[in-house]
Each structure stands twice: as structure tokens, then as C-alpha cells.
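Now for the letters of each chain:
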Amino acid sequence: VACCVHAAERFGIRPGDRVAVVGCGFMGLVCMQLARYQGAGHILAVDPIDERRAMALQLGADAALDPTACVIADPYKGEFDVVIEAAGVPAAIDLSTDMVKQHGRIIVVGYHQSNGGLRTVNMQLWNYKAIDVINGHVRRDDEKLAAMRKGVALMQEGILTTEPLATLYALDQIQRAFEDLTGRKPGLFKAVLVMP
């Protein structure tokens, strides 16, 4: 939650902006709610997994799209003011590049670790579109703490919903939690260990 709240400070969303969220896991869905809170006028949730798109719609997306079932007709004419990349895979960066409009903004929230984190991007398209690419990550502990406090306040106010995204496991079920995560158990967005 703290990571999402901190990243949201860099979204640069203006009231009425069209926003796409590429990747609807825990981080993407929390970021999506924060985008709505900041005044996004239309939010498109993009994920290849049916249940994640359904959850995005439940949590307030205006529309949801399977990226494997569509083609961006003209990537030079993207239509989104802000694209939040929350998948952490190369295809998500490519899709974000295609979807963002000229002078738009891509916020990289996904944690890119495959292939040693190395990525290839279409710099010609980035240059042509004159987009801003923002790293949504933070490493400063004081900023993380402030973001967590703000996130807790937003949850208490009912602005941020995380309950349907959390699956609780007793601490002695830690191995099962990891197995469920790596096995991509349906309905599991975030495993939360409950201390005795």
C-alpha cells in the first residue's frame, strides 16, 4: 500500500484524465483506486486474467480489456493521458508505450526482475510522443513511512479497499502461502501472514 501511495504522488493525474492500468494484481488495483481518487475521468484496466479484470471492474474501473485479444491500431496516436504499468513484464512496457498519448505519462510501478531487469524500449516512439516516463518506486524509509500512514488513513476513510485483495494465512501456513503464490492460485492477489 505504501508503495502505491508513494507512486500515486507521481501520477500527475488531472481531473478528467483518461488513465490505463496495465496489470491488475494487488499493486495495479490499489493504484487504480488511487487514480480514481485523484480525479481520473475514465479508467481502463488491462490484464490477460479474467478474474483480475472482474476485480478491477468491481473496484471501480470503467472498462476492462484482455491485452491478448486486442491490437492497438496506431501506437503513434495513443489515447491515454496516464498509463500505470503494474505488471513488471516487457510486454507491459510495450503496451504502455502504445497506449499513452503524445505528451502523456507512463508510471512504472511493476517490478521488473526477469532477464536481470534488462528491457528494450521503442525509443523512437518515446521520442516521437514526447512522453514522460516516471519510476514509481521509492527506497527512502521516511517517505515509505509517510506513504503508509496516508494509505492507512485512506483505507480508514473507505477510499482505498484492500480487503477483497488479501488472503489470510496463519504464520504456520507460510509454505502453503508461497506455494499458492507461485502456483498462481485463482483469487489470490496478496498473501497476508497472520501472527499468533
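Above this text is the structure in question.
Read on for a plain summary of the structure. Keep in mind the model is a prediction, meaning the values are calculated, not measured.

**Notes on the overall build of the chain**
Okay, step 1: Scanning the chain from terminus to terminus reveals seven helices and eight strands.
Okay, step 2: Computed over the C-alpha atoms, the radius of gyration of the chain is 17 Å, within 12% of the 16 Å expected from 2.2 N^0.38 for a compact globule of 196 residues.
Okay, step 3: Its C-alpha atoms give the chain principal-axis dimensions of roughly 55 × 35 × 30 Å.
Okay, step 4: Taking all 196 residues of the chain together, 40% fall into the buried category.
Okay, step 5: For the chain, restricting intrachain contacts to residue pairs at least 6 apart in sequence, the fraction spanning at least 24 positions comes to 65%.

**Section: the packing of aromatic side chains**
Okay, step 1: Within this structure, the stated rule accounts for zero aromatic pairs.
Okay, step 2: In this structure, R18 packs its charged tip against the face of F80, placed 5.0 Å from the ring centre.

**What about the sheet that holds strand β2 (residues 42-46)?**
Okay, step 1: In spatial order, the strands read β3-β2-β1-β4-β5-β6; together these six strands make up an open sheet with parallel pairing. At either end of the open sheet lies a strand with only one pairing partner, and these are β3 (63-65) and β6 (132-135). Averaged over all neighbouring strand pairs, the angle between strand axes comes to 20 degrees, with direction disregarded.
Okay, step 2: Bridging between β2 and β3 involves three bridges; their strand directions are parallel. Counted as the bridge partner of V46 is L65 from β3.
Okay, step 3: Sheet strands touched by helix α4 (residues 90-99): β1 (18-22), β2, β4 (80-85) and β5 (100-108). Its angle to β5, the strand with the most contacts, is close to 150 degrees.

**What about the side chain of Q33?**
Okay, step 1: Take Q33: it is sitting in helix α2 (residues 26-37).
Okay, step 2: If near-sequence neighbours (up to four positions away) are discounted, Q33 is found in contact with L59, I159, L160, T161 and L165.

**Points about unusual backbone geometry**
Okay, step 1: Unusually for a residue other than glycine, N115 sits at a positive phi of about 55 degrees.
Okay, step 2: Following the sequence through the fold, N115 ends up in the loop between β5 and α5 (123-129).
Okay, step 3: On the accessibility criterion, N115 (60% relative accessible area) is exposed.

**With respect to the nonpolar core**
Okay, step 1: Core analysis: the largest hydrophobic core is formed by 35 residues, its most contacted members being F11, V19, L29, L34 and I84.
Okay, step 2: Among the elements that line this core, the one with the most residues is α2, at seven residues.
Okay, step 3: Residues in contact with V19, not counting those within four places in the same chain, are I13, A35, A40, H42, I43, L44, F80, V82 and I84.
Okay, step 4: Listed in part, the 15 residues of the second largest apolar core include V22, A92, L95 and W126.

**Regarding the environment of V133**
Okay, step 1: Structurally, V133 can be placed in strand β6.
Okay, step 2: Here V133 falls in the partly exposed class, since its relative accessible area comes to 34%.
Okay, step 3: Taking the C-alpha atoms as reference, V133 lies 16 Å from C4; in sequence the two are 129 residues apart.
Okay, step 4: Discounting residues that sit within four places of it in the chain, V133 has contacts with I106, V108 and W126.

**As for the pairing of β4**
Okay, step 1: Of all the six residues making up β4, six are buried; the element is thus mostly covered by neighbouring parts of the structure.
Okay, step 2: Relative to β4, β1 is paired through four bridges, and the arrangement is parallel. Considered in β4, the bridge of V22 is made with E85.
Okay, step 3: Where β4 and β5 come together, five bridges link them in parallel fashion. Note that in β5 the partner of V83 across the bridge is I106.
Okay, step 4: In this region the chain leaves β4, passes through α4 and returns to the parallel neighbour β5; the handedness of that crossover is right-handed.

**Some details on α2**
In an α-helix, one turn spans 3.6 residues, which is why side chains three or four residues apart end up on the same side.
Okay, step 1: The end-to-end C-alpha distance of α2 is 17 Å, a good match for the 16 Å that twelve residues give at a rise of 1.5 Å each.
Okay, step 2: The element α2 is extensively covered by neighbouring structure, given that nine of its twelve residues are classed as buried.
Okay, step 3: Taken together, the buried positions of α2 are F26, G28, L29, V30, C31, M32, Q33, L34 and A35.
Okay, step 4: Within two residues after α2, G39 carries a phi angle of roughly 110 degrees, on the positive side.

Parameters and conventions
Residues numbered from 1 in each chain as written. Predicted model: local features only at pLDDT ≥ 70, side-chain atom pairs only at ≥ 80, totals over all residues. Heavy atoms only, no water. Helix = DSSP H or I, 4+ residues; strand = E, 2+ residues; numbered from the N terminus. Rg over C-alpha atoms; globule rule 2.2 N^0.38 Å. Buried < 20%, exposed > 50% of the residue type's maximum accessible area, 1.4 Å probe, protein only. Contact = heavy atoms within 4.5 Å. Phe/Tyr/Trp six-rings, centres within 6.5 Å; stacked < 30°, edge-to-face > 60°. Lys NZ or Arg CZ within 6 Å of the ring centre and 35° of its normal. Pairing = 2+ DSSP bridges. Axes fitted to C-alpha atoms, helices over the stretch in contact; angles between N-to-C directions. Core = buried A, V, L, I, M, F, W, Y, C linked by side-chain atoms within 4.5 Å. Right-handed = clockwise from strand over helix to strand, strands pointing away. Expected span 1.5 Å × (residues − 1).

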